[in-house]
Amino acid sequence: MQKIDLAIIGSGPAGITAGIYALRRNLSIRVFESEAVGGQTAKAVWMENYPGFTRLTGFELMQKMSGHLKMLGVEIEEANAVKKIAKIGNEFELELEDGSKALAKTVLLATGTENKKLNLPGEKELYGRGVSYCANCDGPFCKGKRVAIIGGGNSGVTNALYLSETASKAFLVEFTPELNCDEVYLPLIKKQKNLEVLKNTQVIEVLGKEKVEGIKIKDRKTGKERIIALEGVFFYVGLSPRNELAKQLFGAEIDSKGFVKIDEHMMTTVKGFFAAGDITGNLAQTIWAAAEGAKAALEAYKYVKGILK
Ligand SMILES: Cc1cc2nc3c(=O)[nH]c(=O)nc-3n(C[C@H](O)[C@H](O)[C@H](O)COP(=O)(O)OP(=O)(O)OC[C@H]3O[C@@H](n4cnc5c(N)ncnc54)[C@H](O)[C@@H]3O)c2cc1C
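What counts as what
- One numbering rule holds for all chains: residues counted from 1, following each sequence as written.
- Two thresholds apply to this predicted model, a pLDDT of at least 70 for residue-level local features and 80 or more for giving and counting side-chain atom pairs, whereas whole-chain, interface and lining totals are computed over all residues.
- Paired strands, as defined in this entry, are two strands with at least two bridges between them according to DSSP.
- For helices the rule is a DSSP run of H or I covering at least 4 residues; for strands it is a run of E covering at least 2, with both sets numbered from the N terminus onward.
- A fitted line through C-alpha atoms represents every axis, and for helices the fit uses only the stretch in contact; the resulting angles, taken between N-to-C directions, go from 0 to 180 degrees.
- Our exposure labels follow a C-beta count within 10 Å of each residue's own C-beta, placed from the backbone: buried means 20 or more other C-beta atoms, exposed means 12 or fewer, and partly exposed covers the counts in between.
- Whether two residues are in contact depends on their C-beta atoms, placed from the backbone: they are in contact if these lie within 7 Å.
- Segmentation into domains, and thus their bounds, comes from an automatic or database assignment.
- Put simply, Ala, Val, Leu, Ile, Met, Phe, Trp, Tyr, Cys and Pro go in the nonpolar bin, Asp, Glu, Lys and Arg in the charged bin, and everything else, Gly too, in the polar bin.
- Multiply 1.5 Å by the residue count of a helix minus one, and that product is the helix's expected span.
- In this entry, near means the residue's backbone-placed C-beta atom lies within 6 Å of the molecule or strand.
- Any angle from 65 to 115 degrees is called roughly perpendicular, while one under 35 is roughly parallel, one over 145 is roughly antiparallel, and all others are oblique.
- Left-handed describes a crossing whose near helix is turned anticlockwise from the far helix through less than a right angle; right-handed describes the clockwise counterpart.
- Each nonpolar core consists of buried Ala, Val, Leu, Ile, Met, Phe, Trp, Tyr and Cys residues. Their C-beta atoms, within 7 Å, join them into a set.

## Let's talk about the pairing of strand 3 (residues 82-88)
The pairing of strand 3 with strand 4 (residues 91-96) spans six bridges and is antiparallel. Among the inter-strand pairings, K84 is bridged to a residue of strand 4, identified as E95. Counting the residues in the hairpin turn of strand 3 and strand 4 gives two residues, including G89, whose phi is positive at 65°.

## Quick notes on the sheet that holds strand 12 (residues 214-219)
Strand order in this open sheet of three strands is 11-12-13, and the pairing throughout is antiparallel. At either margin of the open sheet sits one strand with a lone partner, and together these are strand 11 (201-207) and strand 13 (225-229). Between one strand axis and the next, the sheet turns through 25° on average, direction left out of account.

## A look at helix 4 (residues 154-164)
In terms of burial, helix 4 is largely enclosed, as nine of its 11 residues are buried. Next to the buried residues of helix 4 lie helix 3 (135-138), strand 8 (146-150), strand 9 (169-173), helix 5 (186-191), strand 10 (195-198) and strand 14 (232-235).

## Side note on the sheet that holds strand 7 (residues 131-132)
The strand order across the open sheet built from five strands is 7-14-8-9-10, with neighbouring strands paired in parallel fashion. Unpaired on one side and paired on the other, strand 7 and strand 10 mark the two borders of the sheet. Examined bridge by bridge, strand 7 and strand 14 share two bridges and lie parallel to one another. Across the sheet, residue S132 finds its bridge partner in strand 14, namely F234.

## Observations regarding the domain arrangement of the protein
Domain assignment breaks the protein into domain 1 (3-115 + 239-304) and domain 2 (131-235). Placing a centre on the C-alpha atoms of domain 1 and another on those of domain 2 gives a separation of 32 Å. Class assignment for the residues of the side of domain 1 that touches domain 2 results in three nonpolar, one polar and one charged.

## Digging into helix 7 (residues 286-304)
Helical periodicity: at 3.6 residues per turn, an α-helix aligns residues three or four positions apart in one direction. The end-to-end C-alpha distance of helix 7, which contains 19 residues, comes to 27 Å, matching closely the 27 Å that a straight helix rising 1.5 Å per residue would cover. Of all the residues in helix 7, the buried ones are T286, A289, A290, E292, G293, K295, A296, A297, E299, A300, Y301 and Y303. Residue G306 follows helix 7 closely and has a positive phi angle near 80°.

## Overview of the site of the ligand
Neighbouring the ligand are 34 residues, the closest being G10, G12, G39, G112 and G277. Of all elements in the fold, only helix 1 (13-24) and helix 7 reach the threshold of two or more residues within the shell around the ligand. In terms of residue class, the shell around the ligand is made up of 13 nonpolar, 16 polar and five charged.

## Topic: the packing of helix 1 against helix 7
At a closest axis distance of 7 Å, the pairing of helix 1 and helix 7 adopts a crossing angle of 40°. With respect to helix 7, the axis of helix 1 lies oblique. For the pair helix 1 and helix 7, the sense of crossing is right-handed. Two secondary-structure elements touch here, helix 1 through P13, A14, G15, T17, A18, Y21 and A22 and helix 7 through T286, A289, A290, E292, G293, A294, A296, A297, L298, A300 and Y301. For the contact of helix 1 with helix 7, the residue count by class is 13 nonpolar, four polar and one charged.

## Some details on the nonpolar core
Membership of the largest hydrophobic core comes to 52 residues, with the highest contact counts inside it found for A7, L108, L109 and F274. Among the elements that take part in this core, helix 7 stands out by supplying seven residues, more than any other. Dropping the residues within four chain positions of it, F274 is found in contact with T106, V107, L108, L109, M266, M267, T268, A296, E299 and A300. Counting 32 residues, the second largest nonpolar core, distinct from the first, contains V131, V157, L172 and I217.

Rendered as structure tokens:
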């Protein structure tokens, strides 16, 4: 089995940027991706805060990033998750979804986060049949229909604005008494006439047999429950770190929130095992993930060359 210098796990902005920087240092790399290229950024409806691009979709930005990596000669291995990882001596052995194995001198964990589930009755059962965690992917199926967006943080609010552009009616449901988004979105929400904001409101159940038919909600002040008839429910209630692989490695420390601990060299508590992007628990933004990916690749280079121990 051919041994590579750096195995990159995840093709979000952290993983792809790490790949670009590693190739500029002549490291041999492979980039493994369990799903499709682009990570969470590819799911962002609009990106308006990545320097150089005033407005483009998250998908477009990630196509540009992965195109850059491809131009340097590396194709991302999509739908080829790293299932298992072990450190044997100074090397890492990775078991891949396609049944093969890979050997690497260093590894970069850039697995990011996944959408939290509320585990409500009906949520799992109706997933893919009206329940979604990605408006960008499933929003087009809700054109002219009634939808609810659960969660009033930045992700929920931006997706509510996006969905209400084409839905006949949209409800933005927030558990706390106020929305938790950036101020910049508040006038936009007010302007969107078919978007109704329900604050201090809890979703109790997703209703429907074959597909979503409604949600049951509770006013947290009055305790009053009611049913809203609709066809689509989009959940944006937070993110959980995808730390399964770190947990498999003996000695890789994880903090109380599930984020992987790193030092000033982006190295975890396992030598040669680096982490970058949302999985480290720093600012969950594309530019930050990209910057961490760049730094991690340069530190991995030093490790491969014996400069960093
Ligand atoms: C809806 C939404 C809107 C957003 N909007 C913005 C915005 O406007 N501006 C901004 O700056 N940021 C935004 N963000 C945040 C930004 O998307 C993230 O901070 C960024 O994508 C994190 O990058 P990452 O590379 O660390 O992880 P991710 O982008 O999460 O990528 C991780 C990748 O690793 C893969 N993976 C996981 N496990 C494995 C495995 N075992 N094997 C192989 N691959 C694996 C995943 O499939 C995923 O593709 C938004 C996020 C969301 C969810």
